[in-house]
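# Structural overview
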Amino acid sequence: METGVLHAAIVHAPIDVSALVARASHERVGAVSVFIGTVRDLNDGREVSGMEYEAYEGMAERELHAIATEADVRFPGVRLVMEHRVGLLTLGDASVVIVAAHMHRAPALDAARYVIEALKVRVPIWKREHYVDGDRQWIDPTATPVGKR
Amino acid sequence: METGVLHAAIVHAPIDVSALVARASHERVGAVSVFIGTVRDLNDGREVSGMEYEAYEGMAERELHAIATEADVRFPGVRLVMEHRVGLLTLGDASVVIVAAHMHRAPALDAARYVIEALKVRVPIWKREHYVDGDRQWIDPTATPVGKR
Amino acid sequence: MSLPVLLFASYADAFGARTVQVPVTAPCAVLDIVAALRVMPGGDRLPAEPLVAVNRTWVEASALVVVGDEIAIIPPVAGG
Amino acid sequence: MSLPVLLFASYADAFGARTVQVPVTAPCAVLDIVAALRVMPGGDRLPAEPLVAVNRTWVEASALVVVGDEIAIIPPVAGG
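Attention here is on the structure that accompanies the text.

Parameters and conventions
Residues numbered from 1 in each chain as written. Chains lettered and ligands numbered in written order. Predicted model: local features only at pLDDT ≥ 70, side-chain atom pairs only at ≥ 80, totals over all residues. Heavy atoms only, no water. Axes fitted to C-alpha atoms, helices over the stretch in contact; angles between N-to-C directions. Helix = DSSP H or I, 4+ residues; strand = E, 2+ residues; numbered from the N terminus. Parallel < 35°, antiparallel > 145°, perpendicular 65-115°, else oblique. Contact = heavy atoms within 4.5 Å. Nonpolar A, V, L, I, M, F, W, Y, C, P; charged D, E, K, R; others polar. Buried area = accessible area lost by both parts, 1.4 Å probe. Salt bridge = Lys/Arg side-chain N within 4 Å of Asp/Glu carboxyl O. Polar contact = N/O pair within 3.5 Å; in protein donor to acceptor, adjacent residues only side chain to side chain. Pairing = 2+ DSSP bridges. Phe/Tyr/Trp six-rings, centres within 6.5 Å; stacked < 30°, edge-to-face > 60°. Buried < 20%, exposed > 50% of the residue type's maximum accessible area, 1.4 Å probe, protein only. Lys NZ or Arg CZ within 6 Å of the ring centre and 35° of its normal.

## Here's the deal with the packing of helix H3 (residues 105-122) of chain A against helix H3 (residues 105-122) of chain B
It is at 12 Å that the axes of H3(A) and H3(B) come closest, and there the two elements cross at 175°. In terms of orientation, H3(A) lies roughly antiparallel with respect to H3(B). Contact residues: H3(A) offers A:Arg105, A:Ala106, A:Leu109, A:Asp110, A:Arg113, A:Ile116, A:Glu117 and A:Lys120, while H3(B) offers B:Arg105, B:Ala106, B:Leu109, B:Asp110, B:Arg113, B:Ile116, B:Glu117 and B:Lys120. Tallied by class, residues from the contact of H3(A) with H3(B) come to six nonpolar, no polar and ten charged.

## A look at the interface of chain A and chain B
Residue-level contacts link 29 residues of chain A with 29 residues of chain B. Note on chain A versus chain B: buried area summed over both sides is about 2700 Å², and carbon and sulfur give 49% of it. At the junction of chain A with chain B, the criterion picks out six salt bridges. Close ionic contact of A:Arg113 with B:Asp110 constitutes a salt bridge, the shortest N to O distance being 2.6 Å. Run the count over chain A and chain B and you get 18 residue pairs in polar contact (both at pLDDT 80 or more). Counting residues per element, the ones that place at least two in the side of chain A that touches chain B are helix H1 (17-24), strand S2 (31-38) and H3 of chain A. Here the side of chain A that touches chain B is built from residues that sort into 14 nonpolar, six polar and nine charged. Of the strand pairs in this sheet, S2(A) and strand S2 (residues 31-38) of chain B are connected by seven bridges, and their pairing is antiparallel. Within the sheet, the bridge partner assigned to A:Gly37 lies in S2(B) and is B:Ala31.

## Remarks on the interface of chain B and chain C
Tallying the contact residues gives 26 residues for chain B and 20 residues for chain C. Across the interface of chain B and chain C, roughly 1900 Å² is buried in total on both sides, 59% from carbon and sulfur atoms. Its largest share of buried area at the contact with chain C, chain B owes to B:Tyr56, B:Met59 and B:Trp126, together 35% of the area lost on that side. Scanning the region where chain B abuts chain C turns up two salt bridges. Between B:Arg128 and C:Asp13 there is a salt bridge; the shortest N-O distance is 3.3 Å. There are 15 residue pairs in polar contact (both at pLDDT 80 or more) connecting chain B and chain C. Secondary structure elements with two or more residues in the side of chain B that touches chain C: strand S4 (46-55), helix H2 (57-74), strand S7 (94-102), H3 and strand S8 (125-131) of chain B. Tallied by class, residues from the side of chain B that touches chain C come to 14 nonpolar, four polar and eight charged.

## Considering the packing of aromatic side chains
Across all of its chains, the model carries four aromatic pairs over all chains by this definition. Centroid distance A:Trp126 to D:Phe8: 4.9 Å. Interplanar angle 15°. Geometry classified as stacked. Of this pair, A:Trp126 sits in strand S8 (residues 125-131) while D:Phe8 sits in the loop between strand S1 (2-7) and helix H1 (9-15), placing the two residues on different chains. For A:Trp126, a relative accessible area of 2% translates into the label buried. Seen from the ring of A:Tyr131, A:Arg46 lies directly overhead, with NZ or CZ sitting 3.8 Å from the centre.

Below is the structure:
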């Protein structure tokens, strides 16, 4: 069974979750952990109509692959498949899907979590919320939330 | 948005993972964590041809629901959808699927993990491995593995 | 009196039945049922302290049972 | 000399461009580029110590850059 990083890509088209799960699955695998990030309709109380993702593509894909490789080293035997979408997404769309499959459940769960946590802090991707009122704003996770200033 | 235990069932038919994910998803949700348990082809070095799951059905569904309710209390706002299949499954079949959706990723990931860990120790379901050589054997997770005696 | 007890998986195989009638005297605790089961044919494959559910809820060995309770002896669970 | 620097998202908006030519003198460190950027129009919206990548790898402010390097000033990331 091939293990490690099977697929780690920045994509422009909608993500096919089932296809990614199928790609990570294998008869030798007993556990598949999937994380799906989706665009939600409210942030800090403002009504969102869509989310625009921008990436430093050459570096983002490289960094995503580096994170997946770290997960492979930490959780040997894991099969990793992941995509992060960029462009203008609408409510409910999947922005990121991470699939980690393993013979056992603990490394499958841990590997998926490792990747999403690292992705959030290290992969050069940005998002701009489009609000129902027509306003748009880049999201800065390091800024103090409006409600907590 | 409705939250809590949306669906927790013991089923006999194949599990439709996409349908369960769709059921947990919602425009107000930003993270969906999915755990899929599958039948694998090797255990303790023996070649497996299939897996037979048996449940104490009335109690198993009740206990699954109780675990999901605990997860809802621990992780308020979570949307939980889950099925455990019983009967004779073949290699690669999903035996259990747990979907936890939440506005934020940490409670989504934690809730899915909470349910699968508790399910493994508390839900009255048993499995009998069918081997390629025709032998069959009930699995006892509390027994000392053959290789570690 | 005798009480019906539900068996599953390896325990059902051990006794060759999914339900057995267990002879006990009232008042009767779970541990009395287990002790009675262990001297029946196939009972040697039952541990001294198996998991037990009464009315679909986990109970301790000291729990009392009455006629009409749904009593189940539970093999080590292995779901997932 | 001047070096091309890549900008993204809110930083590209601040400078009104996705690439800017930054005047510097050799030898040149990342912090020199950032200092030069901060006095350009729109540079007031750049923090004193932004994230920087050279040749698609994260680097410290003290890292030296040479002509031909791909230099990118990275806004707070927000993927996922």
